[in-house]
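# What the coordinates show
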Amino acid sequence: MSSNLVILLVVIGVLLFSLIVLLLSRYRRCPSDKVMVIYGKVGTNKDGSARSAKCIHGGAAFIWPVIQAFEYLDLTPISINVDLTNALSHQNIRVDVPSRFTVGISTEAGTMQNAAERLLGLKMMEVQELAKDIIFGQLRLVIATMDIEEINTDRDKFVEAVYHNVETELKKIGLRLINVNVTDITDESGYIEALGKEAAAKAINDAKKSVAEKNRDGSIGESQAVKDQRIQVAEADAAAIAGENESKAAIAQSDATRRELEAEALRRATAAEQIAEAKALEEAYAAQQLAEQARAEREEATQKADVIVKAKIEKERMELAAEAEAEQARRKAKGEADAIYATMEAQARGAQEILEKQAEGFKKIVDAAGGDANAAVQLMLVDKIEELIKIQVEAVKNLKIDKVTVWDSMGGKDGSSTTSNFLSGMMKSIPPLNETFKMAGIKIPEFLGKEIEEDSITPQTETDSK
């Protein structure tokens, strides 16, 4: 009885130990770089519906056997290279915006739940492609609402708009935007480059204007210093003369015995005072003249600086406009030359094709004539003889003779009437068929009749006349 009790106790102990080990093995701790997603029967929401998953970050939880399971979502940041090209801006200018985005699984309560529902079980590459598609669409949308100047100069506003749009869409699948790095912005039309050149030209012109103003201030200061120096020297000379005159007057007054010398000294003192006053006035006038001259030079320098800067700006603008117009003219001329060349080339090909087909037809006619060129020509003439005769008849067909008055004295050659000779001569004005062939350098075929030699006709004519 005691042995059975011992066995029972051992079995109970083993079962208890196994149960404890099983319970401990189902208690899972979540690492700091992961999110543990518990799914299965995990409770209900506030509205009474069943929860799809329970997310834990930085803690631990007990996983009930059979009714629950778990997986991890990696929080490692994902770097996505987005080379956006031909994006249409608000000004309908296409730009290229190469950039790099860094995203990761969000640890916010609601966003983490979205990640558990939409990203659990996906590989890192699949998550990266999904995020890349969302970033492409939102980045194009942001660029379409902004001008080139805003995108190029106000990068903070551009990045802030990208943050707002992209992160809003990424949270729907459980991701958060960590960083945005826009490397460079370019466009096909060269608009951004032109903006840079304009800013550089403005900075250069501002610097030139500042240098001209500083030179002007320096010239004015120098003239003012010279004027002050001259005035102070004149005042010192006047004071010295005045002191000397006072001393002489005192000596003259103290020398009672030399009345004549006192009077002479008084006269001299009076003359000296007048000379000093005249000299002081002269120097004062000279100083005032120098001051006016300095002021005139300052005004001249100011006007020259304004005119020269404006003239240089206008010159650069006209040069740029002339270069643009010349480039447009060159492109237009090149387009017209290409069009003329294409037209002439097409005409040449058409003429060549016609000549090749005619040569091919002539060759077939010669082959049909057994290789005899004369026979081939005769075949062609037989085909065209009706048309040649028709052309000869057409020569006098439309000849209009409203009225012909004939005084026929029956004095024609060989006793023929003058009227018949008139009509015969009119018909002979049309070249005979054999003459037409001669003008073409071809001898009439014998089947069309033999040509009557002129030598055989002449003697008969002479006999008849006799």
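Here the residue index of a chain counts from 1 through its sequence in written order. The predicted origin of the model limits local features to residues at a pLDDT of at least 70 and limits the giving and counting of side-chain atom pairs to 80 or more, whereas totals for whole chains, interfaces and linings rest on all residues. No hydrogens and no water enter the side-chain calculation; it runs on all heavy atoms of the structure.

### Quick notes on the overall build of the protein chain
Cut-off, in case you're wondering: In DSSP terms, a helix is any run of H or I states spanning at least four residues, a strand is any run of E spanning at least two, and both are numbered starting from the N terminus. Relative accessible area decides the class of each residue, using a 1.4 Å probe on protein chains only: under 20% of the type maximum gives buried, over 50% gives exposed, and in between gives partly exposed. The contact rule is simple, with two residues in contact once any of their heavy atoms fall within 4.5 Å. The Shrake-Rupley method, run with a 1.4 Å probe, gives the accessible areas here. Residue values count only the displayed protein chains as cover.
Counting its regular elements, the protein chain contains 11 helices and 9 strands. Per-residue burial for the protein chain yields a buried fraction of 17% across its 466 residues. Sequence separation of 24 or more characterises 69% of the internal contacts of the protein chain that already satisfy a separation of 6 or more. By element, 57% of the accessible surface of the protein chain is carried by carbon and sulfur atoms, the whole surface being about 33600 Å².

### So, the nonpolar core
Definition in use: As used in this record, nonpolar core signifies buried Ala, Val, Leu, Ile, Met, Phe, Trp, Tyr and Cys residues forming a set joined through side-chain atoms within 4.5 Å.
Ranked by internal contacts, the top residues of the largest apolar core, which has 41 residues, are Phe101, Ile143 and Phe158. With 7 residues, the top contributor of residues to this core is helix α3 (residues 124-144). Not counting residues within four places of it along the chain, the set of residues in contact with Ile143 comprises Leu84, Ala87, Leu88, Ser89, His90, Val95, Val97, Ile151 and Phe158. Listed in part, the 7 residues of the second largest apolar core include Met36, Val42, Ala61 and Ile63.

### A look at the environment of Ala239
By secondary structure assignment, the location of Ala239 is in helix α6 (residues 191-254). Judged by its relative accessible area of 51%, Ala239 is exposed. Separated by 37 residues in sequence, Ala239 and Ala276 place their C-alpha atoms 9.7 Å apart.

### Observations concerning the sheet that holds strand β2 (residues 34-40)
Operational definition: In this scheme, strands are said to pair when DSSP sees at least two bridges between them. Interaxial angle, 0 to 180 degrees, is taken between N-to-C directions of lines fitted to C-alpha atoms, where a helix line uses only the stretch in contact.
Taken in spatial order, the 3 strands make up an open sheet running β3-β2-β5, and their pairing is antiparallel. Edge strands, defined here as strands with exactly one partner in the open sheet, are β3 (53-56) and β5 (68-74). Within the sheet, the average angular offset between the axes of one strand and its neighbour, ignoring direction, is 25°. Examined bridge by bridge, β2 and β3 share 4 bridges and lie antiparallel to one another. From the neighbouring strand, Met36 faces β3, where its bridge partner is Ile56. Along the sheet face, helix α2 (residues 109-118) touches β2, β3 and β5 and points at about 125° away from the line of β3.

### A closer look at the side chain of Gln113
Here is the rule we go by: We call two N or O atoms a polar contact when they sit within 3.5 Å, provided that within protein one can donate a hydrogen and the other can accept it, with sequence-adjacent residues counted only if both atoms are side-chain atoms.
Mapping Gln113 onto the fold places it in helix α2. On the accessibility criterion, Gln113 (19% relative accessible area) is buried. Within the local environment of Gln113, its side chain forms a polar contact with the backbone oxygen of Ala53, the two atoms lying 3.1 Å apart. For Gln113, the residues in contact, after removing those within four places along its chain, are Arg51, Ser52, Ala53 and Cys55.

### Side note on the pattern of salt bridges
The condition that has to hold: Between Lys or Arg on one side and Asp or Glu on the other, a salt bridge is scored when a side-chain nitrogen of the former is within 4 Å of a carboxyl oxygen of the latter.
As enumerated under the stated definition, the model contains 14 salt bridges in all. Across the pair Arg295 and Glu292 runs a salt bridge, and its minimum N-O distance is 3.2 Å. Residue Arg295 and its partner Glu292 are both found in helix α7 (residues 259-368); the two are separated by 3 residues, about one turn of the helix. What makes Glu292 partly exposed here is its relative accessible area of 40%. Glu299 is the partner of Arg298 in a salt bridge, and the nearest nitrogen-oxygen pair spans 3.2 Å.

### A few points about the packing of aromatic side chains
Applicable threshold: Two rings belonging to Phe, Tyr or Trp (six-membered ring only in the last case) form a pair when the distance between their centres is within 6.5 Å. Interplanar angles under 30 degrees mark stacking, angles over 60 mark edge-to-face geometry, and anything in between is tilted.
For the structure shown, the criterion picks out 2 aromatic pairs. Look at Phe62 and Trp64: their rings are 4.8 Å apart centre to centre, the planes differ by 80°, and that puts the pair in the edge-to-face class. On the accessibility criterion, Trp64 (47% relative accessible area) is partly exposed. An angle of 80° between the planes, with centres 5.7 Å apart, marks the rings of Phe70 and Tyr72 as edge-to-face.

### Some details on the side chain of Ser99
Within the secondary structure, Ser99 sits in strand β7 (residues 94-105). Contacts of Ser99, omitting those with residues within four sequence positions, involve Ile80, Asn81, Val82, Leu139, Asn181, Val182 and Thr183.

### Quick word on α2
Taken as a whole, α2 has its buried residues at Thr111, Met112, Gln113, Ala115 and Ala116. Each element contacted by the buried residues of α2 is listed here: β2, β3, β5, β7, α5 (155-171) and β8 (175-182).

### Topic: a nonpolar patch on the surface
For clarity, the threshold we go by: Excluding any residue in a salt bridge, patches collect residues exceeding 30% relative accessible area, merging like charges within 9 Å and nonpolar Val, Leu, Ile, Met, Phe, Trp and Tyr side chains within 5 Å.
The grouping of Leu5, Leu8, Leu9, Ile12 and Leu16 at the surface amounts to a nonpolar patch, some 470 Å² of accessible area in total. Inspection of the secondary structure puts Leu9 in helix α1 (residues 2-25).

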